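Close look at the chain arrangement
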Amino acid sequence: MSDSEQLPEILKVIDILDGLEALIETAPNEDVEDILEEAWLHISDTFPEDFKAATQHDAGAEGLRRYLKVKTFFENPSERSISAAELEEYYRSYTAAEEDEDEESTDFFFPEEPS
């Protein structure tokens, strides 16, 4: 199945994940939240491998939609448009996630001393 054939299916899955995110935020207790988070992980695991790898830093529903929009633009720029602001937001969120990851990796080498 080609990427363009998978697009409607991926969009439906992102909508489901978006709904689960809303439910997670309003979960009445941690047990329900844990169950919803596990469902979110199982559903997000249905994405193609390249999609999961590309969105590992920004895997929320909004980040998935952002990535999909950028991906479809680069696959066919003459048919799909994207604004400079949307493209900038995608790269900003991606680089911010990488910087956070770099900071965490230095924490291992330079742990905070107890006060």
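Here goes a summary of the coordinates provided.

A word on the overall build of the chain
Check the secondary structure of the chain and you find 5 helices and 0 strands. The secondary structure elements of the chain, listed N-terminal to C-terminal, are α-α-α-α-α. Burial statistics for the chain: of 115 residues in total, 25% are counted as buried. When contacts within the chain are restricted to residue pairs at least 6 apart in sequence, long-range pairs at least 24 apart make up 49% of them. When the accessible surface of the chain is totalled, it reaches about 8,400 Å², and 53% of it is carbon and sulfur.

Re empty space enclosed by the protein
Applying the stated rule across the entire model yields 2 cavities of 30 Å³ or more. The space that makes up the second largest cavity amounts to roughly 40 Å³. In this structure, the second largest cavity is lined by A54, T55, D58, G63, Y67, Y90, S93 and Y94. Looking at the lining of the second largest cavity, the element that brings in the most residues is helix α5 (residues 84-109), giving 3 residues. Grouping the amino acids of the lining of the second largest cavity by side-chain chemistry returns 4 nonpolar, 3 polar and 1 charged.

Considering the packing of aromatic side chains
Applying the stated criterion across every chain, the model contains 3 aromatic pairs. Here the aromatic rings of Y67 and Y90 are separated by 6.3 Å at their centres, their planes lie at 40 degrees, and the arrangement is tilted. Taken together, the positions of Y67 in helix α4 (residues 61-75) and Y90 in helix α5 put the pair 23 residues apart, joining distant regions of the chain. Accessibility assignment for this pair places Y67 and Y90 in one class, buried.

Thoughts on helix α2 (residues 30-44)
With 15 residues, α2 should reach 21 Å at 1.5 Å per residue; the first-to-last C-alpha distance of 21 Å fits that figure. Of all the residues in α2, the buried ones are L36, W40 and S44. For α2, the arc enclosing every buried residue in end-on projection is 70 degrees, short of the 170-degree limit, so these residues lie on one face. The exposed residues of α2 that point more than 90 degrees off its buried face are D31, I35, L41 and H42. If you check the start of α2, you find a side-chain oxygen 3.1 Å away from the backbone N of D31, and it comes from N29.

Remarks on the pattern of salt bridges
If you walk through the whole model with that rule in mind, you get 10 salt bridges. Residues D45 and K52 are paired through a salt bridge, measuring 2.8 Å at the closest nitrogen-oxygen approach. For K52, a relative accessible area of 22% gives the class partly exposed. The closest approach of N and O atoms between K52 and E49, which form a salt bridge, is 2.8 Å. You can see K52 and its partner E49 sitting in helix α3 (residues 49-54), 3 residues apart, about one turn around the helix. If you follow the salt bridges from partner to partner, you end up with E62, R66, E88, E89 and R92 in one network.

Conventions adopted
Counting starts from 1 at the beginning of each chain's written sequence and moves along it residue by residue. Reporting of local features is limited, given that this is a predicted model, to residues whose pLDDT is at least 70; pairs of side-chain atoms are given and counted only at 80 or more, and all residues count toward the totals for whole chains, interfaces and linings. Side-chain metrics in this entry use all non-hydrogen atoms of the structure; hydrogen atoms and water are not considered. Runs of H or I in DSSP of at least four residues are treated as helices and runs of E of at least two as strands, each being numbered from the N terminus. Three exposure classes are used, based on accessible area relative to the maximum for each residue type with a 1.4 Å probe and protein chains only: buried under 20%, partly exposed in between, and exposed over 50%. In what follows, a contact means two residues having at least one pair of non-hydrogen atoms within 4.5 Å. Here the open area of atoms and residues is found with the Shrake-Rupley method and a 1.4 Å probe, where only the protein chains shown may cover a residue. In this analysis a 1.4 Å probe is tested at points of a 1 Å grid over the protein atoms alone, and where it fits but cannot get out there is a cavity; an open set with protein on both sides within 12 Å along at least five of seven lines is a pocket; lining residues have an atom within 4 Å of a point. Grid points are joined across faces, edges and corners, and a volume is the space filled by probe spheres set on the points. Note that Gly is not counted as nonpolar here; it falls among the polar residues with everything else outside the nonpolar set of Ala, Val, Leu, Ile, Met, Phe, Trp, Tyr, Cys and Pro and the charged set of Asp, Glu, Lys and Arg. Two rings belonging to Phe, Tyr or Trp (six-membered ring only in the last case) form a pair when the distance between their centres is within 6.5 Å. Interplanar angles under 30 degrees mark stacking, angles over 60 mark edge-to-face geometry, and anything in between is tilted. By this rule, a helix spans an expected 1.5 Å times one less than how many residues it contains. Directions are taken from the helix axis to each C-beta atom, and the arc is the one they span. Any pair of nitrogen or oxygen atoms within 3.5 Å is treated as a polar contact; in protein, a donor-acceptor pairing is required on top of that, and neighbouring residues in sequence qualify only through side-chain atoms on both sides. For salt bridges, the criterion is a side-chain nitrogen of Lys or Arg within 4 Å of an Asp or Glu carboxyl oxygen.

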